[in-house]
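Breakdown of the fold
Here's the letter readout for the chains.
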Protein chains: 2
Amino acid sequence: MRRLRVFESISIDGYFCDAHGDMQWAHAGADDPEFISWVGGNASGGGELLFGRVTYDHMRAWWTTLQAAAAMPVVAKGMNAATKWVASRSLQGAGGLDWSGARLLDGDAVAAVRALKQSGGPGITLLGSGSLAAQLGAAGLVDEYQLVIVPVALGGGRTIFSGERKLALQHSRTFKNGRVVVTYAA
Amino acid sequence: MRRLRVFESISIDGYFCDAHGDMQWAHAGADDPEFISWVGGNASGGGELLFGRVTYDHMRAWWTTLQAAAAMPVVAKGMNAATKWVASRSLQGAGGLDWSGARLLDGDAVAAVRALKQSGGPGITLLGSGSLAAQLGAAGLVDEYQLVIVPVALGGGRTIFSGERKLALQHSRTFKNGRVVVTYAA
């Protein structure tokens, strides 16, 4: 069984996006060199990636640019080279996936990810895609949560958890940009 | 101007109580000796305390027992000796405050705490009392948030923040019981 890690930026009050769906707050201060280096190391682990369709569109729009390659070369290289699974009912066929390494998971996302985990291969990291993270967590398919706590309170928004669940802290790390990364086993 | 610190246990998804108002989840694993020692040091700083009425009732019911004195002697001594301000419209007069050092803040809580901060004296720490924390935060009266992130996701509940606000991480510390304490300046 492949392991599935959810990697998510959240606010101090636990939201992955604000009440309007905005995630711009998560980018402030993300240009800290030590933080970028850590993200780069994290992104070059050789695993596969998983997105919902909205996050896929945002990721493709950014990581395929020259600006991204200049700003974060290690991460950009990893993102463009990696196998990227995209859970979507609206993108049918390869025509919708114009990014190298992108592969469609169509139909029911929970069933598709369960089958993907049961197939052979490396670990899978879900980036962003908070709605998909919530669905997969509720279905018991998430093995690890790696959460970047951004020093912003939002006052409202959407969360990746549904229902009460104890987790086990594995690791934490603090960056000069005020982010605290906490890793929990589910 | 006295400084006001909010000290709160929150879930990974940012709630101080679950959807039913329950806070029992915050106690699991709290018997870690290193954590107890830290709480003790934190509680013996010579400051004054602030509660809402519900938290006051819970605190008084526990910290005045022999069990509390045996389980956490340093904290119990500090809690019983400290000046404890209680924001309440329903407790009128000293008759309702049957705990040594407890003093009533009646009338509007925000106005009362603003006046308290402007009076001379040591720093003030609000413990628990999530509704009061939210009111005071919205009024700009909170100077510092010290949050104990308990390794539990709740999936719903109430939060101490309203509206978007950037905070500055001052410090973080991780305990073997899976709690991560993060301190932010407001």
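Our subject is the structure listed above.
Here we look at the overall build of chain A
The secondary structure content of chain A amounts to 6 helices and 10 strands. Viewed in the frame of its principal axes, chain A has a C-alpha envelope of about 45 × 40 × 30 Å.

Concerning the interface of chain A and chain B
Accessible area lost upon the coming together of the parts serves often as the stated size of an interface. Residue-level contacts link 26 residues of chain A with 26 residues of chain B. Of all elements in the fold, only strand E7 (152-153), strand E8 (165-166), strand E9 (168-174) and strand E10 (180-185) of chain A reach the threshold of two or more residues within the side of chain A that touches chain B. Looking at the side of chain A that touches chain B, the element that brings in the most residues is E9(A), giving 4 residues. Across 2 bridges, E7(A) lies against strand E8 (residues 165-166) of chain B in antiparallel orientation. Its bridge partner being in E8(B), A:Ala153 is matched across the sheet by B:Arg165.

Let's talk about the packing of helix H5 (residues 109-118) of chain B against helix H6 (residues 130-138) of chain B
Two measures define how a pair of helices packs: the angle their axes make with one another and the distance between the axes. Residue and element names in this part refer to chain B. Where H5 contacts H6, the axes come no closer than 10 Å and their chain directions differ by 70°. Considering the angle they form, H5 stands roughly perpendicular to H6. Considering how the two elements wind past one another, H5 and H6 form a crossing that is right-handed. Taking contact as the criterion, the partners of Ala-109, Val-110 and Val-113 in H5 are, on H6, Leu-132, Gln-135 and Leu-136. In terms of residue class, the contact of H5 with H6 is made up of 5 nonpolar, 1 polar and no charged.

As for the sheet that holds strand E5 (residues 124-127) of chain A
Residue and element names in this part refer to chain A. If you walk across this open sheet you meet the 8 strands as E4-E3-E2-E5-E1-E6-E10-E9, and the pairing is mixed. Bordering the open sheet on either side are strand E4 (102-105) and E9, each of which pairs with just one other strand. Sheet twist, expressed as the mean angle between neighbouring strand axes with direction ignored, is 25°. Sheet topology note: the strand E2 (residues 48-52)/strand E3 (residues 84-87) ladder contains 4 bridges and is parallel. Across the sheet, Leu-50 pairs through a bridge with Trp-85, a residue of E3.

Looking at helix H2 (residues 53-63) of chain B
All names here are of chain B. Buried within H2 we find Thr-55, Tyr-56, Met-59, Arg-60 and Trp-63. All buried residues of H2 fall inside an arc of 130° around its axis, so they share one side. Taken together, the buried residues of H2 touch strand E2 (48-52), helix H3 (66-71), helix H4 (73-81), strand E3 (84-87) and strand E5 (124-127).

Some words on the relation of the copies chain A and chain B
After a rotation of 180° and a shift along the axis of 0.0 Å, chain A superposes on chain B with an RMSD of 0.0 Å. Look at the turn and shift together and you get a two-fold axis relating the two. In terms of proximity to the rotation axis, the leading residue of chain A is A:Gly14, whose C-alpha is 2.3 Å off the axis. Take the interface residues of chain A: 100% of them recur as interface residues in chain B, which is what a same-surface contact looks like.

Quick notes on the sheet that holds strand E4 (residues 102-105) of chain B
Sheets are built from strands paired through backbone hydrogen bonds, the pairs being either parallel or antiparallel. Residues and elements named next belong to chain B. What the 8 strands build is an open sheet, ordered E4-E3-E2-E5-E1-E6-E10-E9; its pairing is mixed. Bordering the open sheet on either side are E4 and strand E9 (168-174), each of which pairs with just one other strand. On average, adjacent strands in this sheet sit at an angle of 25° to one another, irrespective of strand direction. Docked against the sheet, H6 engages strand E1 (4-11), E2, E3 and E5, running at close to 130° with respect to E1.

A word on unusual backbone geometry
All names here are of chain A. Backbone geometry at Ser-129 places phi at a positive 50°, although glycine is not the residue there. Relative to the helices and strands, Ser-129 resides in the loop between E5 and helix H6 (130-138). On the basis of neighbour counts, which here come to 28 C-beta atoms within 10 Å, the residue Ser-129 falls in the buried class.

Considerations on the nonpolar core
Within the largest apolar cluster, 99 residues are counted, with the highest numbers of intra-cluster contacts made by A:Leu126, B:Ala87 and B:Leu126. In contact with A:Leu126, other than residues within four places in its own chain, are A:Leu4, A:Val6, A:Phe7, A:Leu50, A:Leu132 and A:Ala133.

Some thoughts on the pairing of strand E1 (residues 4-11) of chain A
All names here are of chain A. Of all the 8 residues making up E1, 8 are buried; the element is thus mostly covered by neighbouring parts of the structure. Neither face of E1 is exposed, since Leu-4, Val-6, Glu-8 and Ile-10 on one face and Arg-5, Phe-7, Ser-9 and Ser-11 on the opposite face are all buried. Two elements, E1 and E5, share 4 bridges in a ladder whose sense is parallel. Residue Leu-4 lies in a different strand from E5, and its bridge partner there is Ile-124. Pairing analysis gives 7 bridges linking E1 to strand E6 (residues 144-150), with the strands arranged parallel. Among the inter-strand pairings, Ser-9 is bridged to a residue of E6, identified as Val-148.

A short note on helix H4 (residues 73-81) of chain A
All names here are of chain A. What H4 keeps buried is the set Val-75, Ala-76, Gly-78 and Met-79. One side of H4 carries all its buried residues, which in axial view fall inside an arc of 165°. Away from its buried face by more than 90 degrees, H4 exposes Pro-73 and Ala-81.

What counts as what
- Residues numbered from 1 in each chain as written.
- Chains lettered and ligands numbered in written order.
- Predicted model: local features only at pLDDT ≥ 70, side-chain atom pairs only at ≥ 80, totals over all residues.
- Helix = DSSP H or I, 4+ residues; strand = E, 2+ residues; numbered from the N terminus.
- Contact = placed C-beta atoms within 7 Å.
- Pairing = 2+ DSSP bridges.
- Axes fitted to C-alpha atoms, helices over the stretch in contact; angles between N-to-C directions.
- Parallel < 35°, antiparallel > 145°, perpendicular 65-115°, else oblique.
- Left-handed = near helix turned anticlockwise from the far one by under 90°.
- Nonpolar A, V, L, I, M, F, W, Y, C, P; charged D, E, K, R; others polar.
- Buried ≥ 20, exposed ≤ 12 C-beta atoms within 10 Å, placed from the backbone.
- Arc of directions from axis to C-beta.
- Least-squares fit on C-alpha atoms with pLDDT ≥ 70 in both.
- Core = buried A, V, L, I, M, F, W, Y, C linked by C-beta atoms within 7 Å.

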